[in-house]
Number of protein chains: 4
Amino acid sequence: MMTARELTDLIEAGERRIGWARRSMPVLTAIAARFADERPLDGLRVAACLHVTAETAVLMGALRAGGAEIALAASNPLSTQDDVAAALGGYGIAVRARAGVDMETYYRHIHQTLDVPPDIVLDDGGDLVNILHTQRSELAVRGGCEATTTGIIRLRQMAAEGALRFPVVAVNDTRTKRMFDNRYGTGQSTLDGIMRATNALLAGRTVVVAGFGFCGRGVAERAKGLGARVIVTEIDPVKGLDAALQGYEVLPMGRAAEVGDVFVTVTGNRDVVRGEHLAAMKDGVILANAGHFDVEIDVRALEALADSVNYGVRPNVDEYVLADGRRLLLLAEGRLVNLTAAEGHPAAVMDMSFSAEALAVAWLAGEADRLPPGVYDVPADIDAEVARLKLAATGIAIDALTAEQEDYLHSWRAGS
Amino acid sequence: MMTARELTDLIEAGERRIGWARRSMPVLTAIAARFADERPLDGLRVAACLHVTAETAVLMGALRAGGAEIALAASNPLSTQDDVAAALGGYGIAVRARAGVDMETYYRHIHQTLDVPPDIVLDDGGDLVNILHTQRSELAVRGGCEATTTGIIRLRQMAAEGALRFPVVAVNDTRTKRMFDNRYGTGQSTLDGIMRATNALLAGRTVVVAGFGFCGRGVAERAKGLGARVIVTEIDPVKGLDAALQGYEVLPMGRAAEVGDVFVTVTGNRDVVRGEHLAAMKDGVILANAGHFDVEIDVRALEALADSVNYGVRPNVDEYVLADGRRLLLLAEGRLVNLTAAEGHPAAVMDMSFSAEALAVAWLAGEADRLPPGVYDVPADIDAEVARLKLAATGIAIDALTAEQEDYLHSWRAGS
Amino acid sequence: MMTARELTDLIEAGERRIGWARRSMPVLTAIAARFADERPLDGLRVAACLHVTAETAVLMGALRAGGAEIALAASNPLSTQDDVAAALGGYGIAVRARAGVDMETYYRHIHQTLDVPPDIVLDDGGDLVNILHTQRSELAVRGGCEATTTGIIRLRQMAAEGALRFPVVAVNDTRTKRMFDNRYGTGQSTLDGIMRATNALLAGRTVVVAGFGFCGRGVAERAKGLGARVIVTEIDPVKGLDAALQGYEVLPMGRAAEVGDVFVTVTGNRDVVRGEHLAAMKDGVILANAGHFDVEIDVRALEALADSVNYGVRPNVDEYVLADGRRLLLLAEGRLVNLTAAEGHPAAVMDMSFSAEALAVAWLAGEADRLPPGVYDVPADIDAEVARLKLAATGIAIDALTAEQEDYLHSWRAGS
Amino acid sequence: MMTARELTDLIEAGERRIGWARRSMPVLTAIAARFADERPLDGLRVAACLHVTAETAVLMGALRAGGAEIALAASNPLSTQDDVAAALGGYGIAVRARAGVDMETYYRHIHQTLDVPPDIVLDDGGDLVNILHTQRSELAVRGGCEATTTGIIRLRQMAAEGALRFPVVAVNDTRTKRMFDNRYGTGQSTLDGIMRATNALLAGRTVVVAGFGFCGRGVAERAKGLGARVIVTEIDPVKGLDAALQGYEVLPMGRAAEVGDVFVTVTGNRDVVRGEHLAAMKDGVILANAGHFDVEIDVRALEALADSVNYGVRPNVDEYVLADGRRLLLLAEGRLVNLTAAEGHPAAVMDMSFSAEALAVAWLAGEADRLPPGVYDVPADIDAEVARLKLAATGIAIDALTAEQEDYLHSWRAGS
């Protein structure tokens, strides 16, 4: 048990952390101010299953300012910032999250967010929506938001099977989110996590990036930018060709496994690094996952392969020693390395995706009852509005079309 | 008049050039072989208005091999390779094109491709389709392909206004074409054109790229890769932010005009560099256009501003001397610098877009009569087939999904 | 006071940390094995003033293996890893260092390394050699090594004035050290320190790097590689031109101050960021120093400018609030950001510079008495030997000259 | 024979070309103006063996303005610009050079520059100095300049053997020349030559760069900047490690030969690409040399390997067809690809190296008789003067040291 003093300290630490994040999130802060004024969410009950971090706290604050009643659980048992969780109480938000809980507690927390039946649910990976469909089908949710590619894949499958019961906005699928959050956020924070965990010099290392989606592209760019030689693996021919044309070496994982020094999985799929690959690796390789779930590196195969394991040789580094003496270093137990070993996406990046999510909640508040179940894109004008607010906050001026240019674009009679 | 010997020499030069291109176009060559076997275009009449280059000749050969009867005119009065035009006769293709013709002859050539009423038209910029709609509306064309972003913008506008009379496939809009042709092809060939025209050292120069679409991104990457400091101008907030996040300085043209050494327009719009910008520029700046039409740099404003012009100080370079002695260098008269001062897209790039176009013609041959007028995307399986053929030709192996991975992606019940 | 148990824990933590470093330092480990065999340092007394880190511990181990008797003090009052200091006792090394001591204690510790008069001194910044010349001139030191550019500048000045009393090897001046340690080590660890301290997204930020020596080049490359727009300031015309030709914007600090988001000083000089610059900066800028001494950012001017200071808004971040509300964020109190906020150079980099230093000590043991006072380069064959050992450890094979090629290079009669 | 009209046209074409170059060479133009005023070369006879290009013409003009009497021959039988050679007569310069002459004529031309015994010789590769030492040892030359790394290697060897008879300034060895000319000039113009010769898309290609000196580094950077995957081969361990730390794959040529698409030699040595390597290469590879002499690719081995050769499949491209049908494309007959297939270094680059050479000639005019035979570096103040003039011409402002900073750098007593 925590003393009152310890709790006070924890809350104050959380508030400082949230304050720091807020100053890096000018767009969401502007939206919060507008929400406080217009109260578009008055009376709306929101259940959220998100990483409990300072940036999420700023989003919760914006929704609360708009009038929503909120229950929040963690979307990952390791990523909770306990001080932030403690501080969120001050916003009147019910938080069910603690770092390092076991899986049973983790799922109980998610269930508890449904104690008051929600109108809108915010999910990050699909656990909350999954529970709603498999265990709490009595609840009549009006609409939801899902923030990960992984979650969207599942939701589209559910919709195709007729199993989805309410409309869900794919907040991951905006141009803003894809470009800025997936590419730049995951790119930097993944490398940041690897450096904090290992302090390894990346210049001159061979980094294998599995998956060349937006996240994978970001990871590859940052690894290259730190001086690494980058190898990409893919299963999609168009993405594979794109990687090759960007100057990356493209190999099947079977061959990449033999030459890589650092492996980063970011595919949204399971078993990307398997036993056969692990068995072929060099002494001292570093294994990191930047995909949402901890299934991309086959940790059970790694355990089976190892003679012994030195857990925690450094924080977030476990050293698997093979029979022949080779050591494979697994970071963050195969969980999201950028959230576990670093601090996740920088607040400035989350500013954009959470701003889209806040505006999507307001849109759902008005539109959800008119929408059949299905997966919906974020309306284009929400995306453009976020970009406009961000440009204004960054102090970047761009050009406007002249009247003649507008005419030119709209007239097919202009000729050559 | 040309002597028989001169004509023979010209044809042989064209054949060597086409042979060289064909060896760089393995995908289209494979499709041509299949077409020769399956004859999917037997009896089809095709009118094409394309840059008359060696790569186009390989496309014409593939369609001819598939059984099509073809008439070809140039889509740009400066880009015709006369030896290629001469050699194309040997394929049984009626060619109406000669480098450097005046605009009257240029348009007469396009009209002549319609002497035999075509089933399918291939356009590159929209002049042929424009003529069909404004001057030859008696012709009952079944379908078409359009290869440029500029042309697509017009066609969508026409479709929106109900003016479009037949289905057109936007062959510019495949992932393959966008990524590889627009980005890598235009990127390299534009810088190649600038170097050939000026022999200027790009390292240390400030290059202003107007437009950050796929082409603009490619030009910016190559300019950066050659050591330039790159400034981007945009009118779209999301693209502007993306450019900033990629490390480029983003400025309005009004401010970029004062600091740039080299300006490249690639927007698809007119008057991007205007009199007010030209008047603010430094001595010795280089002006180049990589957009489809020669309207992006306001050449008339440049003429009005100049005291005198030294035409052809180097091939493809005109020097405009202002009253105060500053010299502005206009490349290729403001026309496409990569086609005029260099050789256009490398054959390896055109291999991909022309392969998509060849497969689209075969698809239209079967489907056109079932399609209402409108702009159509290239069917996704055509795009993927091109990528697969290209990977095979390049010798790059990628991974395949395991059965477990397929299951995982398709099952939303898998949980975390 | 620490309990026995706490001390044991501290020592074990230090040993784990040293073990981790040793596995990343194969070259120095190979040299240690050779030293243990050949005992080239038997009876030699060494006083060292170095950052007390795990990598330094591996160097101390190698010298000890060679037979040296060692006394070690810290070269920076903030950089000491207390667990490493505790563990070093196990090697029989007298360590005088503790993190966070005041300056009086810091200097007393350095003095204590001289209690047993040393033969050879190892310095990192010049404090030890300075004390030997100004306060302990009775000691007859035979030779020394200096590891920083800053220190070497002073030593050359002393030598020019006839004030230097023994030969010193400039271990900073090898090609190995300059390229790998200064450029790649400082480059990565400086950005690492900034990310750990702030979690700021660097993509899209404007990073101003003051100084374009080997360290500055490394910082600029890594910032660019993380997606930043990089501006360089210099005082040397050749370096300034080189930066421009590499595509960086080059500005005087007076103008860079107005546009930068992040400032990194790495010049070896004082007052590079002065009051006049600080007064012109934007709200929220980040100030970091990567030069050896904490004099590059004028912290006193910053204090004078600020209305209030929020110390420790995050670890290693102090927020200076100006009268008009602007907040300037000073990292690590203006001390070396890579050592204070991150973990300094990766072990793999230190492997090379410390290997050169170990071989230089052995060389000095044999040669020092024959050398007049002065600053000496590391002998070229030591540098090449380190590179050869490193290549072998990395598994990179390179070509060897054929006999014909050797002849060609050595014969000026070969003609064209 | 040329008619008077043809000659007039040729001269005018040369003058336009020289005028274009001069406008890109503001530093040398400024020096020429000073020379015309001060006449530091009055009465000096200069024999030069240089590439006869427009930029060389501007250098000749500067020396002539300073009062020198000049005889000029080509340093490469393929690189002469005939129009420039014709135009140089107007400066009163005796030129012995014509594009495409045979080797006998080439050497006769060099001999003719010695008809009037020179005081100073300017060499570019060593042929002129070689003739002076082996065939014209009766001539009492006072001093010389040599512009290539290759030439300097020979001269140092001659000096070491006591064979060198006069002082020679290594104008290749200035920081200005190395960084800017070798790295940026050779880098860009080599890739430019490859693109002009082949029009190949470099994105996605594997480019093998043999040699990682300043030129090789430049070629590697530009190839990477154009989207290629770059492999480096080296014989020097420190350079090999540096390449690896910059993110390049480093391989022996034996293994690189199997995977490369484009090979560029830039080592200064012979037989870098040998029969064993050629035999292992893929169909369609491109072979280019950017080293001074045409000995780096073993063309005789290529001829021996080929069943047939298609000379000139494109300008500057010969296609060697092996027995199994593979085709290897040799550019520019293995001679300098940047001079033969493109236009050599951009004028802006040559501005810096030729400015150093012009100032070195003036320095030699005063100092040569006091200098013993040997190879001399360009005096440091000449190098800094060139950089200062160049910065002024580029409009880049840098910082100056404050008085306090000067003091700090010069005082070792400052302490920490």
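This one's a predicted model, so the numbers in the text were calculated from it and none came from an experiment. (Residues numbered from 1 in each chain as written. Chains lettered and ligands numbered in written order. Predicted model: local features only at pLDDT ≥ 70, side-chain atom pairs only at ≥ 80, totals over all residues. Heavy atoms only, no water.)

### What to know about the overall build of chain A
Counting secondary structure elements, chain A contains 17 helices and 15 strands. Here the C-alpha coordinates of chain A stretch approximately 75 × 65 × 45 Å along the principal axes. Considering only contacts within chain A whose residues lie at least 6 apart along the sequence, 67% involve residues at least 24 apart. Of the roughly 14300 Å² that chain A leaves accessible, carbon and sulfur atoms contribute 49%. (Helix = DSSP H or I, 4+ residues; strand = E, 2+ residues; numbered from the N terminus. Contact = heavy atoms within 4.5 Å. Areas by Shrake-Rupley, 256 points an atom, 1.4 Å probe, with all protein chains shown as cover.)

### Quick look at the interface of chain D and chain C
Taken together, the contacts link 63 residues of chain D with 62 residues of chain C. Here chain D packs against chain C, burying approximately 5900 Å² in sum over the two surfaces, 62% of which is carbon and sulfur. Scanning the region where chain D abuts chain C turns up 0 salt bridges. Summed over the shared surface of chain D and chain C, the number is 12 residue pairs in polar contact (both at pLDDT 80 or more). No other element matches helix 10 (residues 237-245) of chain D, which puts 7 residues into the side of chain D that touches chain C. When the residues that make up the side of chain D that touches chain C are grouped by side-chain class, the tally is 32 nonpolar, 13 polar and 18 charged. (Buried area = accessible area lost by both parts, 1.4 Å probe. Salt bridge = Lys/Arg side-chain N within 4 Å of Asp/Glu carboxyl O. Polar contact = N/O pair within 3.5 Å; in protein donor to acceptor, adjacent residues only side chain to side chain. Nonpolar A, V, L, I, M, F, W, Y, C, P; charged D, E, K, R; others polar.)

### Topic: the relation of the copies chain D and chain C
Superposing chain D onto chain C takes a rotation of 180° combined with a translation of 0.1 Å along the rotation axis, leaving an RMSD of 0.1 Å. Put plainly, the chains are arranged around a two-fold axis. Both copies present the same face, since 98% of the interface residues in chain D are matched by interface residues at the equivalent positions in chain C. (Least-squares fit on C-alpha atoms with pLDDT ≥ 70 in both.)

### Notes on the domain arrangement of chain A
Residues and elements named next belong to chain A. Each assigned domain of chain A is listed with its residue range as follows: domain 1 (4-177 + 345-393) and domain 2 (184-340). For domain 1 and domain 2, the distance between their C-alpha centres works out to 29 Å. On the domain 2 side, the residues contacting the 13 residues of domain 1 number 12 residues. Here domain 1 meets domain 2 over a buried area of about 1100 Å², counting both sides, of which 66% is carbon and sulfur. On the domain 1 side of the contact with domain 2, Leu78, Thr150 and His345 bury the most area, a combined 44% of that side's loss. (Domains from an automatic or database assignment.)

### Some details on the side chain of A:Thr174
Position of A:Thr174 relative to the elements: it lies in the loop between strand 6 (167-170) and helix 8 (175-198). Relative accessible area serves as the criterion here: at 3%, A:Thr174 is assigned to the buried category. (Buried < 20%, exposed > 50% of the residue type's maximum accessible area, 1.4 Å probe, protein only.)

### Quick look at the interface of chain D and chain A
Put simply, an interface is often sized by how much accessible area is lost when its parts join up. Facing the 12 residues of chain D at the interface are 12 residues of chain A. Between chain D and chain A lies a buried interface of about 820 Å² when both sides are counted; carbon and sulfur atoms form 58% of it. Joining chain D to chain A, the criterion identifies 2 salt bridges. The partner of D:Arg229 in a salt bridge is A:Glu249, and the shortest N-O contact between them spans 3.2 Å. Here chain D and chain A share 4 residue pairs in polar contact (both at pLDDT 80 or more) between them. Of the residues in the side of chain D that touches chain A, the class split is 5 nonpolar, 4 polar and 3 charged.

### Quick look at the relation of the copies chain D and chain A
You can overlay chain D on chain A at an RMSD of 0.1 Å; the transform is a turn of 180° with a shift of 0.0 Å along its axis. When the interface residues of chain D are mapped onto chain A, 100% of them are again interface residues, pointing to one common binding face.

### Some points on the UniProt feature "domain: S-adenosyl-L-homocysteine hydrolase NAD binding" (unreviewed entry) in chain A
The UniProt record annotates "domain: S-adenosyl-L-homocysteine hydrolase NAD binding" (unreviewed entry) at residues 182-344 of chain A. Segment residues 182-344 of chain A splits into 37% helix and 25% strand. End C-alpha atoms: 11 Å apart. (UniProt positions renumbered as here; feature names shortened; annotations may be inferred.)

### A closer look at the sheet that holds strand 2 (residues 69-74) of chain D
Consider a sheet: its strands pair through backbone hydrogen bonds, and that pairing is either parallel or antiparallel. Residue and element names in this part refer to chain D. With parallel pairing, 7 strands are arranged side by side in an open sheet as 3-2-1-4-5-6-15. With partners counted over all chains shown, the strands left at the sheet margins are strand 3 (94-96) and strand 15 (374-377), one partner each. Across this sheet, the average inter-strand angle for adjacent strands is 20°, counted without regard to direction. Bridge count for strand 1 (residues 45-50) against strand 2 is 6 bridges, and the pairing is parallel. (Pairing = 2+ DSSP bridges. Axes fitted to C-alpha atoms, helices over the stretch in contact; angles between N-to-C directions.)

### Overview of helix 7 (residues 149-160) of chain B
Over its 12 residues, helix 7 of chain B extends 16 Å from the first C-alpha to the last, a length consistent with the 16 Å expected when each residue adds 1.5 Å. Among the residues making up helix 7 of chain B, those that are buried are B:Thr150, B:Gly151, B:Ile152, B:Arg154, B:Leu155, B:Gln157 and B:Met158. In this structure, the buried side of helix 7 of chain B is in contact with helix 17 (403-410) of chain A together with helix 6 (127-134), strand 5 (143-146), strand 6 (167-170) and strand 15 (374-377) of chain B. Once helix 7 of chain B finishes, B:Gly162 follows within two positions and takes phi at roughly 75°, a positive value. (Expected span 1.5 Å × (residues − 1).)

### Here's the deal with the packing of helix 5 (residues 103-112) of chain A against helix 6 (residues 127-134) of chain A
All names here are of chain A. Packing of helix 5 against helix 6 brings their axes to within 10 Å, and their N-to-C directions diverge by 70°. By the angle between their directions, the pair helix 5 and helix 6 is classed as roughly perpendicular. The residues of helix 6 that touch helix 5, namely those facing Tyr106, Tyr107, Ile110 and His111, are Asp127, Leu128 and Ile131. (Parallel < 35°, antiparallel > 145°, perpendicular 65-115°, else oblique.)

### Things to note about the sheet that holds strand 9 (residues 249-250) of chain B
Residues and elements named next belong to chain B. Spatial strand order, 9-8-7-10-11-14-13-12: 8 strands in an open sheet with mixed pairing. Each end of this open sheet is capped by a strand with a single partner; those strands are strand 9 and strand 12 (306-314). Relative to strand 14 (residues 327-331), strand 11 (residues 286-289) runs parallel, the two being bridged by 2 bridges. Across the sheet, isoleucine 286 pairs through a bridge with leucine 329, a residue of strand 14.

### So, the side chain of A:Thr148
With respect to the helices and strands, A:Thr148 occurs in the loop between strand 5 (143-146) and helix 7 (149-160). Separated by 2.8 Å, the side chain of A:Thr148 and the backbone nitrogen of A:Gly151 make a polar contact.

### Brief notes about the nonpolar core
Among the nonpolar cores identified, the biggest contains 199 residues, and B:Met60, B:Leu63, B:Leu122, D:Met60, D:Leu63 and D:Leu122 are the most heavily contacted of them. In this structure D:Leu63 touches D:Phe35, D:Leu41, D:Ala68, D:Ile70, D:Leu122, D:Ala358 and D:Val361, once residues within four positions along its chain are discounted. Of all hydrophobic cores here, the second largest spans 132 residues; its members include C:Ala360, C:Val378, C:Ala387 and D:Ala244. (Core = buried A, V, L, I, M, F, W, Y, C linked by side-chain atoms within 4.5 Å.)

### Overview of the packing of aromatic side chains
A full pass over the atoms with the stated rule returns 8 aromatic pairs over all chains. Ring geometry for B:Tyr106 against B:Tyr107: centres 5.0 Å apart, planes inclined by 70°, an arrangement best described as edge-to-face. A relative accessible area of 3% means that B:Tyr106 is categorised as buried. Classification of B:Tyr107 by relative accessible area gives partly exposed; the value is 28%. When the ring of C:Phe212 is compared with that of C:Tyr248, the centres are 5.7 Å apart and the planes differ by 70°; the resulting orientation is edge-to-face. Separated by 36 residues along the polypeptide, C:Phe212 in the loop between strand 7 (206-210) and helix 9 (214-225) and C:Tyr248 in the loop between helix 10 (237-245) and strand 9 (249-250) bring together distant segments of the chain. The cationic tip of A:Arg217 hangs over the ring face of A:Phe214; the distance from NZ or CZ to the ring centre is 5.3 Å. (Phe/Tyr/Trp six-rings, centres within 6.5 Å; stacked < 30°, edge-to-face > 60°. Lys NZ or Arg CZ within 6 Å of the ring centre and 35° of its normal.)

### With respect to the pattern of salt bridges
Evaluation of the coordinates by the stated rule reveals 89 salt bridges over all chains. Between C:Glu319 and C:Arg327 there is a salt bridge, and its shortest N-O distance comes to 2.8 Å. For C:Arg327, a relative accessible area of 27% corresponds to the partly exposed category. Connected through salt bridges with shared partners, the residues A:Asp192, A:Arg196, A:Glu343 and C:Arg314 form a single ionic network.

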